[in-house]
Amino acid sequence: MTVQQRLRTLAASSLNIAGAFAADPDRLARLSVDVAGIHADLSKLAVTPEILDALLALAQESDVAGWRAKLFAGEIVNPSEGRSATHVAERGLGPGAANAAAATAHADMLACANRLRADGTRYLVHIGIGGSGLGPALLVDALGRDGDGPAIEIVANVDGEALSRALSRCDPAHTSFAVVSKTFTTTETLTNATSARAWLAAAGIADSASRFIGITAAPERAQAWGVGEVLAFAPSVGGRYSLWSAVGLPLAVRCGPAAFADLLAGAAAMDRHFLDAPMARNLPVLAGMADVWAARYCRQPVRGVFAYDERLRLLPAYLQQLEMESNGKSVTRDGAATDRPTAAITWGGTGTDAQHAVFQLLHQGSVIGPTEFLAVRTPGHDMTGSHHRQLLANCLAQGAALMCGRTLAEALVLAGGDAALAAAKTFTGNRPSATLLLDRLDARTLGALIAFYEHRVFVAAALMGINPFDQWGVELGKELAIAALSGAAPDFDPSTRDLMARAGL
Ligand code: F6P
């Protein structure tokens with residue numbers, strides 16, 4: 001039987017997750033990994049030793065180790081753009097020349113951060129979208145509360161409301177701007193940057209170039225636009241992998257250079273684990289295999305991520321780009337159509353509030369997909385009372401409830417024999433989940449966590465034979481938006497033409 005046949009056969013047979021603990025006394029140990037301050041418990045996922053064996057065979061067949069070696073060696077892993085992907089060099093684990101270039105660029109960025117922390121700047125407005133905004137926003141939201149540097153505003157949307165709200169909190173006399181765009185062609189970012197320049201001019205600051213820092217892989221375009229300083233990063237660092245580069249400036253500005261160094265150190269620890277741990281004990285490999293198992297073989301179309309920690313409230317949005325822009329593809333890296341689903345839809349939120357809004361569907365709805373819970377052992381706040389114990393108890397209870405459910409017989413007792421009410425109170429259970437428990441949320445652990453997700457996405461892509469580093473799927477919509485703006489409407493369909501007329505375009 002081929003590996004594919006084995007996986008299909010296994011996917012067709014039913015599995016009782018709770019029962020799997022009794023069948024395999026080693027299950028918890030086999031499916032738990034501790035690395036870089038993260039305890040990952042994957043034992044409530046719908047996998048068995050047999051399934052893991054088949055997935056490891058798939059990893060062998062699809063040469064996950066070979067692709068990993070290419071990634072770290074700086075070889076081409078993004079064939080549609082003819083590029084390597086050198087985000088690991090930002091953490092010092094790429095090829096020597098790329099590591100050295102990244103270290104030099106970091107030194108420039110940290111010097112800039114130190115200047116902004118010392119020169120009277122009180123606000124840094126970071127203008128960037130997608131990978132040029134989501135990562136820095138996550139970092140600053142998670143770690144910035146106790147930072148002692150300038151306040152950070154992150155502006156992504158071209159909707160003027162976003163910039164206007166951010167600027168309303170700033171004082172033009174003490175505000176600097178980071179214009180962050182890998183390509184320095186993204187219209188949303190350039191529109192916001194131009195309006196920011198006009199805002200400074202309106203406040204009487206005519207020669208504003210010195211207030212603008214361009215962070216980009218296209219320095220000449222940033223210079224031409226008119227920034228006072230350029231912080232460059234390598235074109236081989238993808239946008240959604242760029243927070244490790246100069247794009248991470250807001251963290252260094254808000255929390256200081258040491259926080260940025262810790263972030264990189266945490267990511268490097270995860271890199272080393274990914275490189276060195278045996279496949280069956282390798283967290284990104286196990287998690288990537290489980291993702292492919294759920295989405296591709298069990299055809300589960302969604303993957304939920306719920307952070308039981310306010311500091312991680314932006315993690316689901318960050319992961320949506322990382323996972324969906326990377327692996328939301330329908331062709332393999334050779335251009336062949338994929339025969340099965342690829343990435344699931346990533347969705348999520350924060351606990352406990354999500355429990356009172358969307359968890360009904362998780363527990364009793366008809367769409368099944370793995371749910372990932374994140375919690376941090378130690379709180380970041382100093383509120384007295386039972387906040388944190390309640391938070392953790394709620395988090396851990398969800399995974400247990402999803403797996404164990406409540407039988408009709410139990411529900412009948414609760415419902416006093418009312419059959420209809422008992423049916424409504426029955427939980428099928430057997431719903432897969434994973435839990436990541438972090439020792440603490442500091443820059444080091446957050447770095448390790450984000451690097452874990454990056455490598456997990458990479459492993460899933462390798463298992464599916466797809467290129468996770470391009471994003472051609474966003475181009476057509478961009479092109480049509482440009483056409484719509486230019487009034488070049490004749491080729492649009494009747495519905496879109498009508499909507500454009502009604503919208504005044
Ligand atoms: O449109 C998608 C995308 O290219 C993302 O991949 C990227 O992170 C974002 O746009 C922003 O691009 P840039 O950094 O070049 O402005």
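All values reported here derive from a predicted model rather than from experimental measurement.

Colleague: Which parts of the structure should I look at to understand the domain arrangement of the protein chain?
Modeller: Accessible area lost when the parts come together is the quantity often used to give the size of an interface. Entries for the protein chain in the domain assignment read domain 1 (3–61 + 277–470), domain 2 (87–262) and domain 3 (473–503). In this structure, domain 1 and domain 3 have C-alpha centres spaced 39 Å apart.

Colleague: Is there a simple way to think about the nonpolar core in this case?
Modeller: Soluble globular proteins tend to bury their nonpolar side chains together. In this structure, Ile215, Leu249, Leu315, Leu436, Leu446, Leu449 and Tyr453 are the most contacted members of the largest nonpolar core, which totals 101 residues. Counting residues per element, this core draws most heavily on helix H20 (residues 443–464), which supplies 16 residues. Two domains each put at least three residues into this core: domain 1 (3–61 + 277–470) and domain 2 (87–262). Sequence-distant contacts of Leu249, defined by excluding residues within four places in its chain, comprise Met109, Cys112, Ala113, Leu116, Leu124, Ala178, Ile213, Ile215 and Leu231. Judged by nonpolar contacts, the second largest core, of 21 residues, contains Ile127, Trp199, Ala222 and Trp225.

Colleague: It is not clear to me how the environment of Arg444 should be interpreted in this structure. Could you clarify?
Modeller: Along the chain, Arg444 falls in helix H20. Exposure remark for Arg444: the relative accessible area of 44% places this residue in the partly exposed category. Along the chain, Arg444 and Ala344 lie 100 residues apart, while their C-alpha atoms are 28 Å from each other. Setting aside anything within four residues of it in sequence, one finds Arg444 in contact with Asp262, Leu263, Ala265 and Gly266.

Colleague: Sorry if this is basic, but what is going on with the packing of aromatic side chains here?
Modeller: Each aromatic ring pair is specified by the distance between its two centres and by the angle formed by the two planes. Here the structure, examined in full by the defined rule, presents 13 aromatic pairs. Consider the rings of Phe274 and Phe458, whose centres lie 6.5 Å apart with planes at 85°: the pair is edge-to-face. Of this pair, Phe274 sits in helix H13 (residues 257–276) while Phe458 is found in helix H20, placing the two residues 184 residues apart along the sequence. The class of Phe274 is buried, set by a relative accessible area of 0%. Taking 4.8 Å as the distance between ring centres and 80° as the angle between the ring planes, the aromatic pair formed by Phe306 and Phe359 counts as edge-to-face. Within this pair, whereas Phe306 is found in strand E8 (residues 302–308), its partner Phe359 is found in helix H16 (residues 359–364), the two being separated by 53 residues in sequence.

Colleague: How should I be thinking about the sheet that holds strand E3 (residues 123–127) in this particular structure?
Modeller: For sheets, the rule is that strands pair by backbone hydrogen bonds, running either parallel or antiparallel. Spatially, five strands are ordered E4-E3-E5-E6-E7 in an open sheet, and the strand pairing comes out parallel. Every interior strand has two partners, whereas the edge strands, strand E4 (151–155) and strand E7 (229–232), have only one. Looking at each pair of strands side by side, their axes are set apart by 20° on average, direction ignored. Here four bridges tie strand E5 (residues 175–180) to strand E6 (residues 212–216), and the two strands are oriented parallel to one another. Bridge pairing links Val180 to Ile215 in E6. Along the sheet, helix H7 (residues 96–118) contacts E3, E5, E6 and E7; its crossing angle with E7, the most-contacted strand, is approximately 140°. Helix H10 (residues 187–202) rests against E3, E4, E5 and E6 of the sheet, and its axis sits at about 160° to E5.

Calculation rules
- Residues numbered from 1 in each chain as written.
- Predicted model: local features only at pLDDT ≥ 70, side-chain atom pairs only at ≥ 80, totals over all residues.
- Heavy atoms only, no water.
- Domains from an automatic or database assignment.
- Core = buried A, V, L, I, M, F, W, Y, C linked by side-chain atoms within 4.5 Å.
- Buried < 20%, exposed > 50% of the residue type's maximum accessible area, 1.4 Å probe, protein only.
- Helix = DSSP H or I, 4+ residues; strand = E, 2+ residues; numbered from the N terminus.
- Contact = heavy atoms within 4.5 Å.
- Phe/Tyr/Trp six-rings, centres within 6.5 Å; stacked < 30°, edge-to-face > 60°.
- Pairing = 2+ DSSP bridges.
- Axes fitted to C-alpha atoms, helices over the stretch in contact; angles between N-to-C directions.

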